[in-house]
Amino acid sequence: MASAEPDSEDAAEAEEAVYEEMPCDRMELSQRLAVEELLSTEASYVNNMQLCVSDIRAHLQEKQLPELDLEGLFSNTDDILHVSRRFLKGLEATAGQGQEQLLSISTLFQEFKEEMEAVYKIYCASYDHALQLVESYRKDPRLQEEILDTLNATVPHTGASDLSFFLVMPVQRVTKYPLLLGKILENTPSSSSAHSALQAAARAMAQVNANINEYKRRREVATKYNKAEHLTLRDRLARLNTHSIAKKTTRLSRLLMHEAGIVAKTEDKEYDDLEEKFQCVASSVATLKENMASYLGHLKAFLLPTPHRCDLQMEQGPAQQHRRLSELLQSTVFPEFKQRVDRLVWQPLCSLSDMLEGPQQLVKKRLDKLLDYEEIQERKSEMGSVSYDEEAAMNTYLAINDLLVAELPRFNQVAVQLLGQILRSFSALQLDLAAQVLHHAEKELEQLPHGHMALPSFWKVMEDSLQQSGAQLRAFCQAFETVAPSPGTQPLTPAEERKVLSLVSKHGPDKLYQVTSNISGSRDLDLTLLRGQIVALLQSADTKGNTSRWLVDAGGPRGFVPAAKLRPYSPAQVQQPVMQLLGLDSDTESRRHSYAFPEAPRPQVATFTPTFQVVAGFSFAARSPQELSLQAGQPVLLLEPHDKKGSTEWSLVEVNGQRGYVPSSYLVTVPVQDPAGWSLPV
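In this text the structure is predicted, and so the values were computed from the model without any measurement.

Would you mind going over the overall build of the protein chain with me for this structure?
For the protein chain, the count of helices and strands is 17 helices and ten strands. When burial is assessed residue by residue, the protein chain has 35% of its 682 residues classed as buried. Considering only contacts within the protein chain whose residues lie at least 6 apart along the sequence, 69% involve residues at least 24 apart. Surface summary for the protein chain: the accessible area is close to 41,400 Å², and the carbon and sulfur share equals 54%.

Written as C-alpha cells, this is what we have:
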C-alpha cells in the first residue's frame, strides 16, 4: 500500500501536467490557424482584385459602352491592387520564420499602414457613388444584360449577379485587418516577445480605419456644399425664410465686424496661403479662357473670307502663286490648326475651368461656416454649452477646413501642371503653324523672279518699285484733277452758302479744312461726311491725345474725323465779303487774323460768286433711258438730289444738255480752281 501511494501521486502530477499543456497547445494551434487565415484570405483577395481589374473591367472596356462610367465604378482599384500585391508578397515571405513570423507580420502592417490608408480612403469615399451607378444600371435592361454577359464570360465560377459582388471586397478587406490581427493577438501569450508588436499593429490598423471613416465623413460634407448651384432669382427667393434670413444677417454682421476690426478674425496661416495660391490659379485660368475665346473668335472670322476663290483674270505670274498659297492655307493649314487648338487647348482649358467650380464653392462655404463657427464659439464660452445643431455646425466647419487643408496643396499642384501643359501645347501649336506656313510659302517663293535674291537686294528692288508706283499714283491723281475742262461754275445752294459763311465767321478762314474722301463714322462721336465738305477744326487731337483723330465742326454736328482725310482749305474769295456782309468790327477781326484789309466804303449789297462745283467721281454707264452716262471728272449740273420717290440714292443731273439719273454716291463736290472774286457795287 505504501508503494502504491507514490505511484498514484506521480499519475496525478502527470495528468495535471497534461491538462496544463493542453491550453498552450490549443492557443498555439489557434494562433497558427489565424496566421494561415490571414495569408490565405489575402491571397484570395488579391486574386479577386486581379479578376476585377484585368478581366471584368477590361471586358467592359472592349464593349465600348458610353453609358458605363468605368472610372466611377472601379475608382482606384489599380492602386489598391498594386499595394495589395506587395503586401501579400511580404506576408508570404514570413512563412517558415518560426517564432519570428509574428514579429515580421507586425512590422509589415506598420510599414504598409500609410499606403493602405492613402489608397483605401479614396476608394471608400467613392464606394457609395459606385453603388448608385450599379443600381442605375440594374434599371436599364440592356446595360444589365451586358454586365451579366461580362460576368459570365470572365468569372462564371463566382456566380456573381452584379458588380457589387466585387466592388465591396476592398471595403470588407480593410475593415477585416484589425479583426485578423486581434484574433492572432488573442492566441498569443502576453509573455511572448511578439505580443506588444501585435498590439501596436492592431492599434495602427484600427486607426487606419478610423481615419478612413473621418475622411469619408469630410467628403460627404464637401459633396453637399461643393456643387455649384445655378439658381434663378425666383428659386433664391423661394429659399428665403426666417431662419435663413437670420443666419445671413448674423454672418453679414460678423463679416462687417471683421472688416472694421471690432472682433478678431480666426487666423489660419496654412489655409490662407493655400487659398491665395488657389485664387491665383483660378484667376489665371479665367483670364486665359477669356483670351482663348477671343482668339478662337478672331481665328474663325479670319477663315471666313476666301480670297483664293476670286477671279483674278490672270493666267500666270505671282498672282496665281499667291492664289495657290492662299488656297492651301485657307482650306488646309489654318482649319487643321483650329481643330488642334480646340482639341489640345480649348477643351482641356474648359475642363480645368469646370474643375475649379467645386473647390471655389467649397472655399466660399468655408467662409460662411467660419462666421457661424466663431459666433457659436463665443456663445459656448459665455454659456458653457451649445445645442446639438450648433455642435454639428461647428463640426461641419472643421470638416470643410480640414478637407481643404488636406486637398488644396495637391489640387493646386495638379492645376498648375495642367495650366502649364495647356500653355506649352498652345506655344507648340503656334510654332508648328509658323513652320508649316513658312514651308509652304518657301515652295512658292522659289518660283518667283526674286525668290533667290539676297535680302538687301530684294529690299532695294521693293523700295524702287514702291517709289515708281507712288509716282504713277501721284501722276494719276493730278491727271484726274485736270481731266475735266474748266466748266461754268455751279451756284451754291443757299444752305451751303450759309454753312461756309457761318464756319468762317465762327472759327476764321485759317481753321477751314476740306474732306478729301468719304468718311464713315465707326466709333462713338465720329462723323459721317462726304468728299468735298468743308469743316472747321476745333481741336487737333481726341480726348485721349490721339493726334490722328481731330475734333471738327461740320456746320452743325461736331465730332471726330481722321486727320489724314482732311486738307487745309483757303477761302480767299470769301474772306472780305464775309466781313462786309456780317458787319464785323475791324479791330476784332484784325486781332483774330494776321492780315489787314484796305479801308473801303461799307457796301449795301454784295454778290457772291460760286466757289464749288459738282463733278463725277467715278465713271457710270447708263442701264436705262432714265439714267445718264458719266465719265470720271466730268462736271455736272445737279438739278435734284433725289429721285421722283424722294430717295437720295439717285440724283437728277444735266450734262451737255442731257438730263438723267445717276447714283448720288458717284458725285463729289470740289472747289473751283480759279474762282471769281467778289463783285462790289459801283
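Explain the packing of helix H11 (residues 269-303) against helix H13 (residues 388-445) to me, please; I cannot follow it from the model alone.
When two helices pack together, their arrangement is given by the angle between the helix axes and by the axis-to-axis distance. Contact geometry for H11 and H13: axes closest at 9 Å, N-to-C directions at 30°. Classed by the angle they form, the pair H11 and H13 counts as roughly parallel. Handedness of the crossing formed by H11 with H13: left-handed. When its residues are assigned to classes, the contact of H11 with H13 shows 19 nonpolar, four polar and three charged.

I would appreciate a short explanation of the sheet that holds strand S5 (residues 566-568) in the present structure.
Sheets are built from strands that pair by backbone hydrogen bonding, the pairs being arranged parallel or antiparallel. On the basis of which strands lie adjacent, the open sheet formed by five strands has the order S4-S3-S2-S1-S5 and antiparallel pairing. Edge positions in the open sheet fall to strand S4 (558-562) and S5, since each of these has one partner strand only. Sheet twist, expressed as the mean angle between neighbouring strand axes with direction ignored, is 50°. Pairing of strand S2 (residues 534-539) with strand S3 (residues 549-553), which is carried by three bridges, proceeds in the antiparallel orientation.

How do you make sense of a nonpolar patch on the surface when you look at a structure like this?
The grouping of Leu455, Trp459 and Met462 at the surface amounts to a nonpolar patch, some 320 Å² of accessible area in total. In this structure, Leu455 sits in helix H14 (residues 455-482).

Please explain the pattern of salt bridges as it appears in this structure.
Summed over the entire model, instances satisfying the criterion amount to 19 salt bridges. Among the salt bridges present, the one from Arg86 reaches Glu115, with a minimum N-O distance of 2.7 Å. Highlighted residues: Arg86 in helix H3 (residues 77-93) and Glu115 in helix H4 (residues 101-138), separated in sequence by 29 residues. Exposure remark for Arg86: the relative accessible area of 34% places this residue in the partly exposed category. For Glu115, a relative accessible area of 30% translates into the label partly exposed.

Before we go on, may I ask you to explain unusual backbone geometry in this structure?
Glycine aside, negative phi is the norm for most residues, and most peptide bonds take the trans geometry. Unusually for a residue other than glycine, Gln64 sits at a positive phi of about 55°. With relative accessibility at 67%, the residue Gln64 sits in the exposed group. The phi angle at Ser75 is positive, at roughly 45°, despite the residue not being glycine. Summarising the element assignment, Ser75 is placed in the loop between helix H2 (70-74) and H3.

Which parts of the structure should I look at to understand the packing of aromatic side chains?
Given two aromatic rings, their pairing is described by the distance between the two centres and the angle made by the two planes. On inspection of all chains with the given rule, the structure shows 14 aromatic pairs. An angle of 80° between the planes, with centres 5.0 Å apart, marks the rings of Phe165 and Phe166 as edge-to-face. Centre to centre, the rings of Phe278 and Phe411 are 5.9 Å apart; their planes meet at 55°, and the pair counts as tilted. One end of the pair, Phe278, is in helix H11; the other, Phe411, is in helix H13, with 133 residues separating them in the sequence. The residues Phe278 and Phe411 share a single accessibility class, namely buried.

Could you clarify how one ought to interpret the side chain of Arg57 in this entry?
Summarising the element assignment, Arg57 is placed in helix H1 (residues 4-63). Beyond its immediate chain neighbours, meaning those up to four positions away, Arg57 contacts Cys52, Leu70, Phe74, Thr77 and Asp78.

I'm lost on the packing of H4 against helix H7 (residues 169-186) in this one. Help?
Running from N to C, H4 and H7 cross one another at 155°; their axes reach a closest spacing of 9 Å. Between H4 and H7, the angle falls in the class roughly antiparallel. Here H4 and H7 pass one another in a crossing that is left-handed. Packed against H4, whose contacting residues are Leu102, Ile105, Phe109, Met116, Tyr120, Tyr123, Cys124 and Tyr127, the element H7 presents Pro170, Val171, Arg173, Val174, Tyr177, Leu181 and Ile184 at the interface. By residue class, the composition of the contact of H4 with H7 is 14 nonpolar, no polar and one charged.

Is there a simple way to explain the nonpolar core in this structure?
Across soluble globular proteins, you tend to see nonpolar side chains buried next to one another. Ranked by size, the top nonpolar core spans 61 residues in total, and within it Leu73, Phe109, Tyr120, Leu163 and Leu167 carry the most contacts. Within the residue set of this core, elements represented by two or more residues are H1, H2, H3, H4, helix H5 (141-154), helix H6 (164-167), H7 and helix H8 (195-225). Broken down by element, this core gets its largest block of residues, 15 residues, from H4.

What am I meant to see in the pairing of S4 here?
Side chains on a regular strand alternate between the two faces of the sheet. Two strands pair when backbone bridges link them, and S3 and S4 are joined in this way by five bridges, in the antiparallel orientation. Among the inter-strand pairings, Leu551 is bridged to a residue of S4, identified as Phe560. Between the end of S3 and the start of S4, which pair antiparallel, lie four residues, with Gly555 showing a positive phi angle near 80°.

Looking at this structure, I do not really get the side chain of Asn401. What am I missing?
Secondary-structure assignment places Asn401 in helix H13. Overall, Asn401 belongs to the buried group, its relative accessible area being 9%. Other than its neighbours up to four places away in sequence, Asn401 contacts Asp268, Tyr271 and Arg366.

I would appreciate a short explanation of H13 in the present structure.
A turn of α-helix holds 3.6 residues, and therefore any two residues three or four places apart point the same way. Between its terminal C-alpha atoms H13 stretches 82 Å, which fits the 86 Å expected from 58 residues at 1.5 Å a residue. At Glu407, H13 is bent by approximately 40°, the largest bend along its length, and proline Pro409 sits one to four residues beyond.

Looking at this structure, how should I read the pairing of strand S1 (residues 512-515)?
Covered by surrounding structure in S1 are Leu512 and Gln514 together with Tyr513 and Val515, the residues of both alternating faces. Note that S1 and S5 share three bridges and pair antiparallel. Looking at the pairing, Gln514 lines up with Arg567 of S5.

Help me out: how do you make sense of the confidence of the model for the protein chain in this one?
Detailed conclusions should not be drawn from predicted coordinates in areas where pLDDT is low. Of all residues in the protein chain, 79% attain a pLDDT of 70 or more, and the chain-wide mean is 79. Ignoring residues within four places in sequence, the model shows residues 1-6, a span with pLDDT below 50, making zero contacts including any to other chains. Between residues 17-22, whose pLDDT stays under 50, and residues either more than four places distant or in other chains, the model counts zero contacts.

Help me understand the environment of Glu270, please; the structure alone is not making it clear to me.
Note on placement: Glu270 falls in helix H11. For Glu270 and Val405, which are 135 residues apart along the polypeptide, the C-alpha to C-alpha distance reads 7.4 Å.

Would you mind showing me how to read the environment of Val437 here?
Checked against the element boundaries, Val437 lands in helix H13. Sequence separation between Val437 and Leu328 is 109 residues, and the spatial gap between their C-alpha atoms is 9.5 Å. For Val437, the residues in contact, after removing those within four places along its chain, are Leu329, Val333 and Phe334.

Criteria and cut-off values
Residues numbered from 1 in each chain as written. Predicted model: local features only at pLDDT ≥ 70, side-chain atom pairs only at ≥ 80, totals over all residues. Heavy atoms only, no water. Helix = DSSP H or I, 4+ residues; strand = E, 2+ residues; numbered from the N terminus. Buried < 20%, exposed > 50% of the residue type's maximum accessible area, 1.4 Å probe, protein only. Contact = heavy atoms within 4.5 Å. Areas by Shrake-Rupley, 256 points an atom, 1.4 Å probe, with all protein chains shown as cover. Axes fitted to C-alpha atoms, helices over the stretch in contact; angles between N-to-C directions. Parallel < 35°, antiparallel > 145°, perpendicular 65-115°, else oblique. Left-handed = near helix turned anticlockwise from the far one by under 90°. Nonpolar A, V, L, I, M, F, W, Y, C, P; charged D, E, K, R; others polar. Pairing = 2+ DSSP bridges. Patch = residues over 30% accessible without salt bridge, like charges linked within 9 Å, V, L, I, M, F, W, Y side chains within 5 Å. Salt bridge = Lys/Arg side-chain N within 4 Å of Asp/Glu carboxyl O. Phe/Tyr/Trp six-rings, centres within 6.5 Å; stacked < 30°, edge-to-face > 60°. Core = buried A, V, L, I, M, F, W, Y, C linked by side-chain atoms within 4.5 Å. Expected span 1.5 Å × (residues − 1). Bend = angle between axes of the 7 residues up to and from the residue. pLDDT = per-residue confidence, 0-100.

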